[in-house]
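Analysis of the macromolecular model
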Amino acid sequence: MTDTADLHPDIAAALAEIPGGEAIDARHARWPELGMTMDAPEEHERAVGSCATGNVCAFSGTGLSGTRVSWSSCGTYAPGITVRSIANARSAGYLQARTSSGSVLATAIAGSWANVSGVTADVRCVS
């Protein structure tokens, strides 16, 4: 997809700001070298902030701001960014931001979000 006029405004802005990205369609983009994806929700989707329904997300800014990294499945992931907030837009389970020793910095239960302080090594989603 090369016509930026067809892209969701958030996708177009991120592709302009973060090198190495590619649009998948009007609402989805990916940065293969970063292992990062971006999904812009449709208006009817229930989400936690800009974290689309069914996903878990990590953000570079507090209050769900800044760069967003999202995953559609549960697991333990290195987000590739400094994490300052997390969101869990799944209907069950929880998401944790953790240190390299496994200590929990913040937890977001289903349908919620949390700010993170400290250095996050990974985010862990538990169903």
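Preceding this paragraph is the structure being described.
These remarks concern the structure in this document. Being a predicted model, the structure only gives us computed values, none of them experimental. Sequence order sets the numbering: in each chain, residues are counted from 1 along the sequence as written. With the structure being a predicted model, the display of local features is reserved for residues of pLDDT at least 70 and the display and counting of side-chain atom pairs for 80 or more, all residues being used for whole-chain, interface and lining totals. Hydrogens and water molecules were not included; the side-chain quantities draw on all heavy atoms of the structure.

1. As for the pattern of salt bridges
Salt bridges are defined as contacts in which a side-chain nitrogen from Lys or Arg sits within 4 Å of a carboxyl oxygen from Asp or Glu. Applying the stated criterion across every chain, the model contains two salt bridges. For the salt bridge of E22 with R30, the shortest nitrogen-to-oxygen distance reads 2.5 Å. Overall, R30 belongs to the partly exposed group, its relative accessible area being 40%. Of the charged contacts, one joins R98 and D122 as a salt bridge, the two residues approaching to 2.9 Å between their closest N and O atoms. Of the two residues, R98 is situated in strand β8 (residues 94–98) and D122 in strand β11 (residues 122–126); the sequence distance between them amounts to 24 residues. This pair shows no difference in class: R98 is buried, exactly as D122 is. To sort residues, take the accessible area from a 1.4 Å probe on protein chains only and compare it with the maximum for the residue type: under 20% means buried, over 50% means exposed, and anything in between is partly exposed. Labels follow the DSSP assignment, with helices taken as runs of H or I lasting at least four residues and strands as runs of E lasting at least two, numbered in each case from the N terminus.

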